[in-house]
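Summary of structural features
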Amino acid sequence: MAVRNLSYAAATTISIPTGENGVQRLGIEVSNNSGGALTTFVLSARVGKSTTFITLASDAAGFSTPVAPLIRTVGAPVTLANGASALILLDCHGLSKVRVVASAAVSVEASLG
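Because the structure is predicted, anything quoted here is derived from the model rather than measured.

Section: the overall build of the chain
- In terms of regular secondary structure, the chain is built from one helix and nine strands.
- The order of α-helices and β-strands along the chain, N terminus first, is β-β-β-β-β-α-β-β-β-β.
- Every one of the 113 residues in the chain was classed for burial, and the buried ones make up 37%.
- Restricting to contacts in the chain with at least 6 residues of sequence separation, those with at least 24 account for 70%.
- Of the roughly 5,700 Å² of accessible surface on the chain, a fraction of 54% belongs to carbon and sulfur atoms.

Here it is as structure tokens:
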């Protein structure tokens, strides 16, 4: 799945189905293609049939020292500068949905793919 050219002037949410019929491992590449830096990047997930999302990482420390179900990260998407990119690898076993929320102080073009 690739989501490209999203305008993040306000918080934008992307939900990714996982679980039995979805992906078991998810690789997310975040590229900031133009404009200013991202100011918010929150990765959260829902377990089983729960309706509550649990925050997996929302600050630089959460991405630089990943804890399961985060497997590995390269770069911190939280303050992703113009022209920079970050990679996230997530183990989705037991997760029913993964959610990414991103925003910036100014409108930027970013890609998730």
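Looking at the nonpolar core
- Within the largest apolar cluster, 22 residues are counted, with the highest numbers of intra-cluster contacts made by Phe 41, Leu 43 and Val 98.
- Those elements giving two or more residues to this core turn out to be β3 (25–34), β4 (38–47), β7 (85–91) and β8 (95–104).
- Per-element tally for this core: the top contributor is β8, with five residues.

Quick notes on the packing of aromatic side chains
- Applying the stated criterion to the full structure yields one aromatic pair.
- A ring pair is formed by Phe 41 and Phe 63, whose centres lie 5.8 Å apart and whose planes are at 65°; its orientation type is edge-to-face. Taken as a pair, Phe 41 in strand β4 and Phe 63 in helix α1 (residues 60–64) lie far apart in primary sequence, 22 residues in all.
- A cation over a ring is seen here: Arg 99 above Phe 53, with NZ or CZ 3.9 Å from the ring centre.

Some thoughts on the environment of Thr 39
- Position of Thr 39 among the secondary structure elements: in strand β4.
- On the basis of relative accessible area, Thr 39 is assigned to the partly exposed category, the value being 42%.
- Separated by 39 residues in sequence, Thr 39 and Val 78 have C-alpha atoms that sit 6.1 Å apart.

Here's the deal with the confidence of the model for the chain
- Here the chain averages 77 in pLDDT, and 72% of its residues register 70 or above.
- Within the chain, the element-level pLDDT minimum falls on strand β1 (residues 3–7), averaging 48, and the maximum on strand β6 (residues 70–74), averaging 93.
- Predicted confidence is poor over residues 1–5, with pLDDT under 50, and the contacts of this stretch with residues over four places away or in other chains come to 16 contacts.

Quick notes on the rules
Residues numbered from 1 in each chain as written. Predicted model: local features only at pLDDT ≥ 70, side-chain atom pairs only at ≥ 80, totals over all residues. Heavy atoms only, no water. Helix = DSSP H or I, 4+ residues; strand = E, 2+ residues; numbered from the N terminus. Buried < 20%, exposed > 50% of the residue type's maximum accessible area, 1.4 Å probe, protein only. Contact = heavy atoms within 4.5 Å. Areas by Shrake-Rupley, 256 points an atom, 1.4 Å probe, with all protein chains shown as cover. Core = buried A, V, L, I, M, F, W, Y, C linked by side-chain atoms within 4.5 Å. Phe/Tyr/Trp six-rings, centres within 6.5 Å; stacked < 30°, edge-to-face > 60°. Lys NZ or Arg CZ within 6 Å of the ring centre and 35° of its normal. pLDDT = per-residue confidence, 0-100.

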